[in-house]
Amino acid sequence: MPPVSFRFIFLVLISGMVLGHFYLFKVFTRPLKRRRSKLVVALLLFALMLLSARPRFLYDLSPTLRQFGYLWLGTFLFLSLGALAVDGARRAGRLLQRARRRRAAVVQPQAQVDSGRRTFLAASTGLGATALALPTTSYSIWRAFAPPVVERCTIPLPNLPASLDGTTIALLADLHIGPWIGRGFVEELVAQTNALSPSLVAIAGDMVDRPVQELAEEVLPLRELKSRYGTFFVTGNHDYYSGAGPWTRHAREVLGFEVLRNEARLIGTEDQGFDLLGVDDWAGSESTPDDYHTLEKALGGHALSRAAVLLAHQPFGFEVAAKRGIDLQLSGHTHGGQIWPFTLAMRRYFHPYFAGRHRFGDSTLYITRGCGFWGPPMRLGAPPELALITLTRRQGGTT
């Protein structure tokens, strides 16, 4: 199933931002009497909306402004949801009161509300929204920077040789090393991965968010990843935005990765092994979910005779890969929605392939939520993930 049109998503998000900022203006200016105070709030919210929309001139002006804009974007989401919740509760309470009065058939005189109480009631939505948003924002930031949750999944590959039964793959994706995620986070992730003693490490794209010259020191700990068969890397869309050519060379020559650019590698031996294939992301290729040119290049025109595992950053071409004989596809890209309620939208618009384990025919797809984050430095309802995939010959493998 192809992803939803980017233009459609962009239009929905921009419309939501404009309406949401206008709503917050109404909420936070209700108790204000002076026009000057309301104008100050309006200008502040407009400036914050500009920052979160990231127009090009601000994007290039200052990395700090760009990061603050992302931070506000997440905070704005929680403030808006908090205000809607408080407003909704207040309105529901009023409707309930009116219904009770109608049932009792009691006509009450109009109550007199003093100015202090009126001001408090006007401010209550803003106060309630802030009280809900602050702890939610704080928790979401902590969760984004905390170590990933280790998700263990056992997946059967019937053609897997007996000698490779129990092979483990540490699946990392969407690290997004860059403005927010630095060397300290990478060092902890490497230590956490090595502690799992995987047979091989797979990095399924979106490793970085800035050019090589800016992040060479930040990514350096990745060369300390340890496994029997080594570390394998495929590009993601953000790797292309950051310069896929220089990064793939750096990954191969400095970090010691096996970079799979529409290529295949044999894991094990000719008679006791499986094929590991890797494809470039669609951001830098002519492939589409329905016409998988990069996979055909990786196959080299040959039919698969062994068990086959595919590394592909985006999961949307899984059904085509399954029909070509791929037993297992490992992907990332979706972040599992990253922040609620986008986790719910992901289920709706990217269903059925948005996170976790999925089946199509005899093939399996596993999508990790990713180790890092993009945009707002927050995660809610979709914690960062380090997946440990165990390959087995036995049917009925469980997650």
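Residues numbered from 1 in each chain as written. Predicted model: local features only at pLDDT ≥ 70, side-chain atom pairs only at ≥ 80, totals over all residues. Heavy atoms only, no water.

This paragraph deals with the packing of aromatic side chains. Under the criterion given, the structure shown has eight aromatic pairs. When the centroid spacing of 5.8 Å and the interplanar angle of 65° are considered together, the rings of tyrosine 70 and tryptophan 374 count as edge-to-face. Here tyrosine 70, found in helix H4 (residues 63–104), pairs with tryptophan 374, found in the loop between strand S11 (363–367) and strand S12 (385–392); they are 304 residues apart in sequence, far enough to count as distant. The class for tyrosine 70 is buried, based on a relative accessible area of 9%. With relative accessibility at 36%, the residue tryptophan 374 sits in the partly exposed group. Among the aromatic side chains, those forming a connected cluster through ring pairs are Phe145, Trp180 and Phe373. (Phe/Tyr/Trp six-rings, centres within 6.5 Å; stacked < 30°, edge-to-face > 60°. Helix = DSSP H or I, 4+ residues; strand = E, 2+ residues; numbered from the N terminus. Buried < 20%, exposed > 50% of the residue type's maximum accessible area, 1.4 Å probe, protein only.)

Okay, the sheet that holds strand S10 (residues 356–360) next. The mixed open sheet is built from six strands, whose spatial order is S6-S7-S8-S9-S11-S10. Each end of this open sheet is capped by a strand with a single partner; those strands are strand S6 (263–268) and S10. Ignoring which end each strand starts from, the neighbouring axes of this sheet average 20° apart. (Pairing = 2+ DSSP bridges. Axes fitted to C-alpha atoms, helices over the stretch in contact; angles between N-to-C directions.)

Bringing the pattern of salt bridges into the picture now. Summed over all chains, the structure comprises 13 salt bridges. Residues arginine 183 and glutamate 217 are paired through a salt bridge, measuring 3.4 Å at the closest nitrogen-oxygen approach. One end of the pair, arginine 183, is in helix H6 (residues 183–194); the other, glutamate 217, is in helix H7 (residues 212–219), and 34 residues separate them in sequence. When its relative accessible area of 32% is taken as the criterion, arginine 183 is described as partly exposed. Glutamate 270 is the partner of arginine 306 in a salt bridge, and the nearest nitrogen-oxygen pair spans 3.1 Å. Taken as a pair, arginine 306 in the loop between helix H10 (293–299) and strand S8 (308–311) and glutamate 270 in the loop between S6 and strand S7 (273–278) lie far apart in primary sequence, 36 residues in all. Judged by its relative accessible area of 59%, glutamate 270 is exposed. (Salt bridge = Lys/Arg side-chain N within 4 Å of Asp/Glu carboxyl O.)

Another aspect to go through is the side chain of glutamine 314. Position of glutamine 314 relative to the elements: it lies in the loop between S8 and helix H11 (318–323). Within polar-contact distance, the side chain of glutamine 314 engages the side chain of aspartate 281 at 3.1 Å. Contacts of glutamine 314, omitting those with residues within four sequence positions, involve Asp281, Trp282, Gln329, Ser331 and His333. (Polar contact = N/O pair within 3.5 Å; in protein donor to acceptor, adjacent residues only side chain to side chain. Contact = heavy atoms within 4.5 Å.)

Time to look at the confidence of the model for the protein. Confidence along the protein averages 85 in pLDDT terms, with 86% of residues attaining 70 or more. For the protein, helix H3 (residues 56–61) is the element with the lowest average pLDDT, namely 60, and strand S2 (residues 168–172) is the one with the highest, namely 98. (pLDDT = per-residue confidence, 0-100.)

So, about helix H9 (residues 244–253). Burial in H9 covers these residues: Ala244, Trp247, Thr248, His250 and Ala251. For H9, the angular spread of the buried residues around the axis is 160°, confining them to a single face. For H9, the secondary structure elements touched by its buried residues are H7, strand S4 (231–234), helix H8 (237–241) and strand S5 (258–259). (Arc of directions from axis to C-beta.)

It is worth spelling out the packing of H7 against H9 at this point. Contact geometry for H7 and H9: axes closest at 11 Å, N-to-C directions at 30°. Relative to H9, H7 is oriented roughly parallel. For the pair H7 and H9, the crossing hand works out as right-handed. Residues Val212, Leu215, Ala216 and Val219 of H7 touch H9, and the partners they reach there are Pro246, Trp247 and His250. For the contact of H7 with H9, the per-class residue count stands at six nonpolar, one polar and no charged. (Parallel < 35°, antiparallel > 145°, perpendicular 65-115°, else oblique. Left-handed = near helix turned anticlockwise from the far one by under 90°. Nonpolar A, V, L, I, M, F, W, Y, C, P; charged D, E, K, R; others polar.)

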